[in-house]
Amino acid sequence: MITPLPVHGIHDPLQGKGNVRELLRSQDWPGFPIGHPLQWPAPLRTALQLMLDASQPMFLLLGPELLLFYNDAYATLLGARHPAAMLRPLHQAWPEAMHRWRSLIDRTLQGEPCSGEQSPPDVPPNGPPGQGRFSFSLLPVREDGGAVSAILSIWTELERRMVQEENLRVLLGQTARALWETDPDGTIIGDSPSWRRLTGQTREQWLAQGWIDAIHPEDRNFAAQQWRDAIATGMPLELELRLRLASGDWRWVELRAAPLPAGNGGIRNWLGMIIDIERRRRAEEDLLRAVHEAAAERRQLDAVLEAAPVGIIVADADGALVRMNSEVKRICGVDCPLSRSVAEYGRWKGWWADGSERHGEPLRAEDWPMSRALKGERVQHVMIEFEAWDARRQRCILLISAAPIQDGEGSITGAVVGVMDLTDHVRVEAELRQSQERFRKIVSQAATGVVEADAAGIMTLVNQKFCDMLGYSEAELIGKTVVDITAPDSVPHTLEAVARLAAGGPDFVIEKQYRRKDGTLMWATSSVNAMRGADGDYQGLVAIVVDITDRKMAEARVRHASLHDTLTGLPNRAMLFEYASHLLPHNRRTGQRAAVLFIDLDRFKPINDTHGHEAGDQVLREVAARLAASLRAEDIVIRLGGDEFIVLLQDIHDAIEAAEVTRHAVARISTPYHVGELALSLSASVGISLFPEDGQDIDTLISHADLAMYQAKQAGRNNFQFYSAACAAGARQQIAIEQQLKAALHDRAFHLCYQPVVDIESGEVVSAEALLRWPNRDIGPDRFVPVAEATGIINPIGRWLLREASRQYRRWQDHGLPSIPIAVNVSVVEFRDRDFAGRFERTMREYGIDTDALQLEVTETAIMDDVDHAVAILSRLKALGVKILLDDFGTGHSSLAYLARLPLNKVKIDRSFVAPLTHDVASQAVTNAMIALGRTLDLEVVAEGVESKSVLDYIGAHGCKQAQGFYLGRPMPGEEFEVWYRQRAQGVLPPPHSIGLRCH
């Protein structure tokens, strides 16, 4: 079955000259079963084209009905049957041929080329032999899939055979053709020399082998059947077959046999002839191959046209569009009108779109590039607005070029047109122009500076904001390089960053200084992005510039504040450590010595307490000024906090030089201070440690100087002491404990135990105290806590303790225990932290616990170190709902006035008073007084160290409401405390003296 194809992009075989072509063009093709030839597959169109162009008689049988097509040469042979025979089935147009050729046609439809001899329809079939006879071939025409869908027949006129029977014998001996003769039954009775020359065999040899065996196996059965049919019917025989020669080669021959009539009307003999048609068959095969090759070339051309990225249209000399590819179909619409002449171009709708004076005017028929090319003009890049041919009527912008097609003599035989759809390109260009305009407006009005520079660093675009930043005009900046406006200190790293960017590196952000027109410098953040071409090559950069001069100045102020004491203006601890981190390694490399002076002012607190903080602050500022004035430029003095100062002497020769500097400093400090009308006196206790013998790092040097300072205090104040071997003995143990503390902290070896605090009257557990424990049972908290405080390790330990207590409270809550507040102890060192209250509050929020979940225990020592600071911190925490407990009440030196100022909730009577209550009258008097004082100040009172029933009964009888001690419960890990609490709540209560487990 023949499948119609789309029309676009195909050459029309009916275009051309000739009567038959004119006849075919006038046919009603829409009603034809297989459509217009333009819709035929390429092999059929090629066969039709070759047939119509040929001068030799040819016809084409098409489709299952064998519809007859023929050319002008064959129309002459048809005579009166023309033109009625055109496009009619063969059995109607030429019935006798259909009957005679049935087997040949079937073989050809199976793909086998066939041949024969025949008189055309206008010659009587019984005319004289040889008159008007032709040899013909039937050639299969295959579609791309290999199926035979048509038969092409080629006809050749033969010579007239005027052979008389009476000289036949002579002819057999003399003719150059291979002749033979058989009896009526087909038995060979004679042959000619030419026969023997051709086959290389005698008659006897032919008879011996059987002549049928000399025929090619593929032709053998058909030839034998044709020969039997001829003998049976007495009809002449004509067929083509391959015959084996004496050399063993096969050769195409035409076999003809005709009966010789007898006098009685029967057949006397058969006379046969073998004609060598090898050349003709080769020519026919070459022709068939040419047909298929032409079809293949046409398919290749079609493929090239279809693959072309532009639309291509081909027209003949009359302007008829004979071929167009699918890109034209896409641009122009599905149903493209195949115009037959230039005049019809006027039906197309197009307008000039070249931007000239003609822009917008409609095109006339002669304006179209195809029309101009058919007149010999080469048209280059004409831009036209075109309306599509289909129902959409969509308009598009086309870029069209056209050129004439000329033959070898220069005559114009057609034209070819290339069409490129620029609709999207034009739209994108318009959008790009709009985008560029918007970009220019955004850049010009941007609140940040914008700079664009080429690959050489020359500025090509700047906005007004950038000009305002630097004080230049746009004209002054364009053409300058980025380096021209960069501060000298920023040039090296700017060039380095741009070089990395140009080499393919990532975009970057850089902080640098620009140099303004007036010479001042501007700090800025530049966000730099590379501009790259399609192939990734570096073409320049775009920078967004933000003035950060104010921020940099603020950062400098913040950094100065972070590294300096706000009261005295001296460097602070952070700056000391930063300075020492550079100084000490330098001294170690160069062998230079250094010294640390730890200065503590004697009798400063009375000045604060007696004359107020304002007077105290003025004294501290004056001390700072005197210390700074008494030191060398390379030395540094810092205020550590409160009334403590540290001096780092950078380069000293020996301890004597350090002592001399210290004497001078102490003398300056001891000079009276005049504050208003007051004349105030101070002295200083100073501890000295030397680098490198007393320590390799600043922490150790300060710690050792601190120990030496306490020696100076113990020696009567107003003197200085060096860190010595006497200090070292105690320090060695302290260092060992310090190392164990650091290891325990690193290995998370600390743990907490919880000792219950019980309401004496109801027996209910009202709280629990968190007690710090570690693996070394030989060193208790009374020994390792002071070391931790002295070395500063207490700070990370305290932070861990606070988080662990919060975690344990959260776990008890999750396990269903009632709210049991946990009291945590705070050392004097932790309490000095200005952010202590904030850290306490943040930790509770982190674990999602209420503010009354934790209680804070502080000692009198921690409070009295800085009363105002203590009151501020404790008041803030109490306001949050945190209960404040004063631990070890009675062991310190706080006055009643100070006690009344403190925002307390509870006081805890120290175990040193509680333990001997049953037999020590003095302890009873002190305890009774503290219980009464607590009631007077409306404070809860807790007795610590209750280890017997008699002690519990005593304090209960004298008004103490809460108690804590081994008699009521030993310190327990969190899990054991939970078990103990549940057993107690269920009434499973062991004897008081064994309640709880010992917690190490």
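Look above for the structure.
A quick note: this is a predicted structure, and the numbers were derived from the prediction, not measured. (Residues numbered from 1 in each chain as written. Predicted model: local features only at pLDDT ≥ 70, side-chain atom pairs only at ≥ 80, totals over all residues. Heavy atoms only, no water.)

Engineer: Let's hear about the pairing of strand β17 (residues 449-454): which residues, and what values?
Structural biologist: As judged from the six bridges shared by β17 and strand β21 (residues 538-547), these two strands associate in the antiparallel manner. Residue alanine 453 lies in a different strand from β21, and its bridge partner there is leucine 541. Two successive antiparallel strands, β17 and strand β18 (residues 459-462), enclose a turn made up of four residues, where glycine 457 displays a positive phi of approximately 85 degrees. (Pairing = 2+ DSSP bridges. Helix = DSSP H or I, 4+ residues; strand = E, 2+ residues; numbered from the N terminus.)

Engineer: Describe the sheet that holds strand β15 (residues 395-406), listing the residues and the values that go with them.
Structural biologist: Reading across the sheet, the six strands line up as β12-β11-β16-β15-β14-β13 and stay open at both edges, with antiparallel pairing between neighbours. A single partner strand is all that each edge strand has here, and the edge strands are β12 (321-324) and β13 (350-352). Here the strands of the sheet are splayed against their neighbours by 30 degrees on average, with no regard to which way each runs. Two strands pair when backbone bridges link them, and strand β11 (residues 311-316) and β12 are joined in this way by three bridges, in the antiparallel orientation. Counterpart to valine 314 in the pairing with β12 is arginine 323. (Axes fitted to C-alpha atoms, helices over the stretch in contact; angles between N-to-C directions.)

Engineer: Provide a residue-level description of the pattern of salt bridges, including the pertinent values.
Structural biologist: The full count for this structure, using the stated rule, is 40 salt bridges. Glutamate 240 is the partner of arginine 281 in a salt bridge, and the nearest nitrogen-oxygen pair spans 2.6 Å. One end of the pair, arginine 281, is in helix α10 (residues 278-307); the other, glutamate 240, is in strand β8 (residues 237-244), with 41 residues separating them in the sequence. Glutamate 240 gets classed as buried once you look at its relative accessible area, which sits at 8%. (Salt bridge = Lys/Arg side-chain N within 4 Å of Asp/Glu carboxyl O. Buried < 20%, exposed > 50% of the residue type's maximum accessible area, 1.4 Å probe, protein only.)

Engineer: Explain the packing of aromatic side chains to me, and be specific about the residues and the numbers.
Structural biologist: For any pair of aromatic rings, the description rests on two quantities: the centre-to-centre distance and the angle between the ring planes. Scanning the model with the defined rule gives 24 aromatic pairs in all. Between the aromatic rings of phenylalanine 750 and phenylalanine 784, the centroid separation amounts to 6.4 Å while the plane-to-plane angle is 50 degrees, which identifies the pairing as tilted. With phenylalanine 750 in the loop between α23 (725-747) and β29 (751-759) and phenylalanine 784 in helix α24 (residues 781-791), this pair connects stretches of sequence that are 34 residues apart. Overall, the relative accessible area of 1% leaves phenylalanine 784 in the buried class. A centroid spacing of 5.5 Å and a plane angle of 50 degrees characterise the contact between phenylalanine 977 and tryptophan 980, whose relative ring orientation is tilted. Residue phenylalanine 977 and its partner tryptophan 980 are both found in helix α34 (residues 974-985); the two are separated by three residues, about one turn of the helix. For the pair phenylalanine 977 and tryptophan 980, one class covers both residues: buried. By the ring-pair criterion, three or more aromatic residues cluster together here, those being Phe59, Tyr74, Trp94, Trp101, Phe136 and Trp155. The ring of tryptophan 351 is capped by arginine 395, whose NZ or CZ atom sits 3.7 Å from the centre of that ring. The aromatic ring of tyrosine 673 is capped on one face by arginine 626, whose charged end is 3.7 Å from the ring centroid. (Phe/Tyr/Trp six-rings, centres within 6.5 Å; stacked < 30°, edge-to-face > 60°. Lys NZ or Arg CZ within 6 Å of the ring centre and 35° of its normal.)

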